[in-house]
Structure formats: structure tokens, C-alpha cells
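Chain by chain, the residues run as shown.
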Amino acid sequence: QKEVEQNSGPLSVPEGAIASLNCTYSDRGSQSFFWYRQYSGKSPELIMFIYSNGDKEDGRFTAQLNKASQYVSLLIRDSQPSDSATYLCAVVSAGGTSYGKLTFGQGTILTVHP
Amino acid sequence: GAVVSQHPSWVICKSGTSVKIECRSLDFQATTMFWYRQFPKQSLMLMATSNEGSKATYEQGVEKDKFLINHASLTLSTLTVTSAHPEDSSFYICSLDRLYEQYFGPGTRLTVT
């Protein structure tokens, strides 16, 4: 079983719709959860991080965390063509010596079509 | 502004040669930096943790004698791919964490011919 799994893509949504990206993780002791966006040929850029159960909103983005279900999601409201990218879920596991040791999911390719 | 820089942004080398990639922290002192590798259409995989003034910690399956890491100062970590082969062609990305957020460098694309 992979440590971090994301829903298989690619995901295609029309402009203005809500895009929903999902991620599950295997280490129940995981503490920190991140969503990154990666454009083709570029390095990842942080969208959001979440540590506590519940929702966290930042502009058009909402991260949701449910530690009991070992599930974290990212909602993108009013999707724009510029949101088209690969979205990476990353987790810092319990017992890690540093917040820097991230385990990434395989990524979900999102396409927002006009 | 940018927090992390990498140099070079891309490099092409011949099989058997060595390549050095630099990762610099631009605005604060980083005792720990991280090196990731990303093959085409795959996700990022942590290769090693670079520790200032001490030996790097390598992830399982990563050859420490092939991927030499030096973290001689608080703002610079280097990754040297020794005796590179075509299968080492990849996107190498360094990162550092500050205030519990991780910042990635722009990456170095290595092509070994």
C-alpha cells in the first residue's frame, strides 16, 4: 500500500466549477498535510497546509482534513484555466525528525477547460 | 521573493562524467536542506537530508557514494551526481523548511547522454 495516495486523474472540469482533489494516507500518526501545485517543468509551489481536523479556507481554496478517516482533500472553487496543473498531496509522518521530510502522492492532473 | 535558488537550471552531460548542483538559501540560514528527485510523470521522491556541518542522511535505496551531498555553510548545499548515467536523467529539486513551511528551489533538469 502506498503511503500517500491520490485519486487517479486526470480530472477535467469546466471553468467556474468546483474541482475536488482527494488524498489518503496510511500513517495514522501523520501530523502535517500539504497541497502543492506543480506546473509542467516547474518545481512545486505550496498552496495550503493543514494540521487540524476540519476545514481551512484561503481564497478559492479549501483544504479539508479528517484524521480519523486518514483523508485530506482540496477544493478549488470558481476554477480557472490557470489552475490547470498537477496537484500534489504531501504528508509529514509522525516521528519525523523534520518537517521537511515530505512523502508525496503521485499527483492528480487537473485540466480546467474554458 | 524567491527563498531558494538552484544552479544550474538545466545541464546536459555525457555518461560517466560528474555533475554538481548547487542549492542556496537566499534569505536565512538553513541548517537542513532536502534533495528530491522527480522522474517524468512521477511524483517527487526524497533522496536525502542535507545537514550543515555533518553527513547527509540518505533515504533507502539512494546510493550515497553516487549522490554526494555537501552542506558546508548555512546557505549552500551541493549535490554531485558522480559517474552519471542516462538513468540518472531527472529533475532534481532542493528544498528547505522555514516556520514549518517547505520551500522548493526551481529545480535542475539533468540529462545524461
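See the structure above.
Below, the discussion takes up the interface of chain B and chain A. The interface is formed by 19 residues belonging to chain B together with 19 residues belonging to chain A. Where chain B abuts chain A, roughly 1500 Å² becomes buried across the two surfaces, and 58% of that area is made up of carbon and sulfur atoms. Seen at the junction of chain B and chain A, the total is 5 residue pairs in polar contact (both at pLDDT 80 or more). Broken down by secondary-structure element, the contributors of at least two residues to the side of chain B that touches chain A are strand E4 (32-38), strand E5 (45-51), strand E9 (90-98) and strand E10 (101-104) of chain B. Split by residue class, the side of chain B that touches chain A holds 9 nonpolar, 6 polar and 4 charged.

Turning to the side chain of A:Asp83, a few remarks are in order. All names here are of chain A. One can find aspartate 83 in the loop between strand E8 (71-76) and strand E9 (85-92). By relative accessible area, aspartate 83 is classed as buried at 1%. Among residues more than four places away in sequence, those in contact with aspartate 83 are Arg37, Arg60, Phe61, Ile76, Asp78, Leu110 and Val112.

Let's shift gears to the layout of surface pockets. Of the volumes computed, that of the second largest pocket is approximately 480 Å³. The wall of the second largest pocket is formed by 21 residues, among which A:Thr86, B:Gln38, B:Pro40, B:Lys41 and B:Gln42 lie closest to the centre. Those elements giving two or more residues to the lining of the second largest pocket turn out to be E9 and strand E11 (108-113) of chain A. In terms of residue count, the dominant contributor to the lining of the second largest pocket is E9(A) (3 residues).

Reading the values: the criteria
- Each chain carries its own residue numbering, running from 1 in the direction its sequence is written.
- Here the convention is simple: chains get letters from A, ligands get numbers from 1, in the order in which they are written.
- Per-residue local features of the predicted model are confined to residues with pLDDT of at least 70, and side-chain atom pairs are confined, for both listing and counting, to 80 or more; whole-chain, interface and lining totals are unaffected and use all residues.
- To obtain the side-chain values, all non-hydrogen atoms of the structure were included, while hydrogens and water were left out.
- Two residues qualify as a contact provided that any one of their heavy atoms is within 4.5 Å of a heavy atom in the partner residue.
- Once two parts are put together, the accessible area they lose, assessed with a 1.4 Å probe and summed over both, is termed the buried area.
- Residues adjacent in sequence count toward polar contacts only when both atoms are side-chain atoms; beyond that, a polar contact is any pair of N or O atoms within 3.5 Å, and within protein one must be able to donate a hydrogen and the other to accept it.
- Numbering of helices and strands runs from the N terminus; a helix is a DSSP stretch of H or I covering at least four residues, while a strand is a stretch of E covering at least two.
- Residue type decides the class: Asp, Glu, Lys and Arg count as charged, Ala, Val, Leu, Ile, Met, Phe, Trp, Tyr, Cys and Pro as nonpolar, and the leftover types, Gly among them, as polar.
- A 1.4 Å probe rolled over the protein chains alone gives each residue an accessible area, and that area as a share of the maximum for its type sets the label: buried under 20%, exposed over 50%, partly exposed in between.
- Site definitions follow a grid-based scheme: protein atoms alone, a 1 Å grid, a 1.4 Å probe that fits but cannot get out for cavities, and for pockets an open set with protein on both sides within 12 Å along at least five of seven lines, plus lining residues having an atom within 4 Å of a point.
- Grid points are joined across faces, edges and corners, and a volume is the space filled by probe spheres set on the points.

Everything listed here is a matter of coordinates, which is why it stays silent on function.
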